[in-house]
Amino acid sequence: MPPRMWPLAAMAIALMSLPGCRADGSTGPAASSSAAVPEAQASRSHCGAGWSRAAAGLVQVRVRNTDVNAEEVFLADGSGRLYGEIDPLAPGATAVLRTTLSAGDYHLVCSVNDGTPVHGPKVSVTGAAKGVRGVQPVTSADLAPKVIAYQKWVEHRLTTLQGEAKSLSTALRSGHRDTAQAAWKQANRTWNTMGGAYGAFGDLGDAIAGNAFPFAQGVHDPHWTGLLRIEYGLWHGESPASLARLGGVLETDLTALGKQLKTTQFQPLDVVRRTHEITEDTLQQTLTGHEDYGAHSELADATAQLDGTAELLKVLRPLLAPRYPELSKVNSWITKSRNDIRAQKSWTVTPRGGTAAAGHRRVDADIAQLAELLTPIPTILEPRVFR
């Protein structure tokens, strides 16, 4: 696995990754001469050895792991702000860390398996060129109360969804298709707001809203249950009463999920990754009609997913606001995306090889731009230990 490279030039403007890694472990275009790039060791015994000075502006350091374990390597200043990262760097491997620095004192930090980090010697950077603004890393202690708050919000939404599932079951038993379809849309919308927690749901998440693709008989497989199975039946001529059993199964699964969440702790890294992944799924799955089983609810689903992302960002805002200057732009694009979705009277999935309608292209472009703006957030909020 090649090293993951972050210039943390972005952890000032948003942690953006450097160009893709080459097979030799370096990134981007090769330096004009290997001798022009200083080499530093990454190890617990000699962290940073070999690098002592640099000129302000673009700084490149060839980092070689001389330890027997994989290393995370960071570039930090005396206050702990970050300016660069290589993760992971395998034993014996070499990678070039690139960033842009102002004059000051910096050092490398080497960490193995999230253990106590080792701080290398001070490196003096001199000159008048401007560098990027470093960002204070987030710790697990910083994230813990935010993740707990988000989990409580999810549990509250689940209680709402459980009530909506009961209404759906009642509507199915009544045999009224319009009432059942309306109840399904409400339950499905609530489910789509909870995307930040999907990783904690496990197999129950698939039972509640999994698609038909894993099943041998597809949409006709008797083992397929959940919201999408009920959607298929309601919009493909099956009688609502014949779907009542599936409504009961959905209620049972949601009750089991509620019990599961009482003994489950959301993983901070999973939660922060979902700040980006929800919108990526909206673009790649929802708006393409990948999970449309007849209700054609792409626009409502996308709006609910935007609401779920907004809630997750709201919880994380105290950590993000001082670290990500683009956060206000993220909020603006969420608003723009909502408005452009609201302006669509209908949504037709573009056939393969076809041309999307103008409104379709506008919404796709909105969500794609939002996904790009959200991409750095999981890296910015990834918990790190430096002390």
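Definitions and limits used
Residues numbered from 1 in each chain as written. Predicted model: local features only at pLDDT ≥ 70, side-chain atom pairs only at ≥ 80, totals over all residues. Heavy atoms only, no water. Buried < 20%, exposed > 50% of the residue type's maximum accessible area, 1.4 Å probe, protein only. Helix = DSSP H or I, 4+ residues; strand = E, 2+ residues; numbered from the N terminus. Pairing = 2+ DSSP bridges. 1 Å grid on protein atoms, 1.4 Å probe; cavity = no way out; pocket = protein on both sides within 12 Å on 5 of 7 lines; lining within 4 Å. Points joined across faces, edges and corners; volume = space filled by probe spheres on them. Nonpolar A, V, L, I, M, F, W, Y, C, P; charged D, E, K, R; others polar. pLDDT = per-residue confidence, 0-100. Contact = heavy atoms within 4.5 Å. Expected span 1.5 Å × (residues − 1). Bend = angle between axes of the 7 residues up to and from the residue. Phe/Tyr/Trp six-rings, centres within 6.5 Å; stacked < 30°, edge-to-face > 60°.

Moving on, we come to the pairing of strand β7 (residues 94–101). Counting buried positions along β7 yields seven of eight residues, so the element is predominantly enclosed. With eight bridges connecting them, strand β4 (residues 57–65) and β7 associate as antiparallel partners. Residue pairing in the sheet places Val59 in a bridge with Thr99 of β7.

This part takes up the layout of surface pockets. Empty space among the atoms becomes apparent when a probe as large as a water molecule is rolled across them. Taken as a whole, the largest pocket spans an internal volume of roughly 660 Å³. Lining the largest pocket are 36 residues, with Trp191, Tyr198, Ala209, Leu228 and Glu291 positioned closest to its centre. Elements with a minimum of two residues in the lining of the largest pocket: α3 (177–192), α4 (198–201), α5 (203–209), α6 (227–234), α8 (268–286) and α9 (298–320). Examining the composition of the lining of the largest pocket, we find that six residues originate from one element, α8, more than from any other. Within the lining of the largest pocket, the residues separate by chemical class into twelve nonpolar, 16 polar and eight charged.

Per-residue confidence for the protein averages 89 on the pLDDT scale, and 90% of its residues sit at or above 70. Scored below 50 in pLDDT, residues 1–35 shows 97 contacts in the model against residues more than four places distant or in partner chains.

Before going further, it helps to examine α8. In a regular helix each residue adds 1.5 Å, so 19 residues correspond to 27 Å; α8 covers 25 Å between its end C-alpha atoms and thus fits that length. At Thr275, α8 is deflected by roughly 45°, the largest bend along its length. Summarising the contacts, the buried residues of α8 are in contact with α2 (140–174), α4, α9, α11 (358–374) and α12 (377–380).

Tallied over the entire structure, the rule returns nine aromatic pairs. Seen in terms of ring centroids, Trp184 and Trp235 are 5.3 Å apart; in terms of plane orientation they differ by 70°. Their pairing is edge-to-face. Taken together, the residues span a long stretch of sequence, with Trp184 in helix α3 and Trp235 in the loop between α6 and α7 (244–262) at a distance of 51 residues. Look at Trp184 and you get buried, because its relative accessible area is 1%. A relative accessible area of 22% means that Trp235 is categorised as partly exposed. Ring centres of Trp191 and Phe201 lie 5.5 Å apart, and the angle between their planes is 40°; this geometry places the pair in the tilted category. Of this pair, Trp191 sits in helix α3 while Phe201 sits in helix α4, and the two are ten residues apart along the sequence. Of the two residues, Trp191 and Phe201, neither departs from the other in class, the shared state being buried. Members of the aromatic cluster, each reached through a chain of ring pairs, are Tyr150, Trp153 and Phe266.

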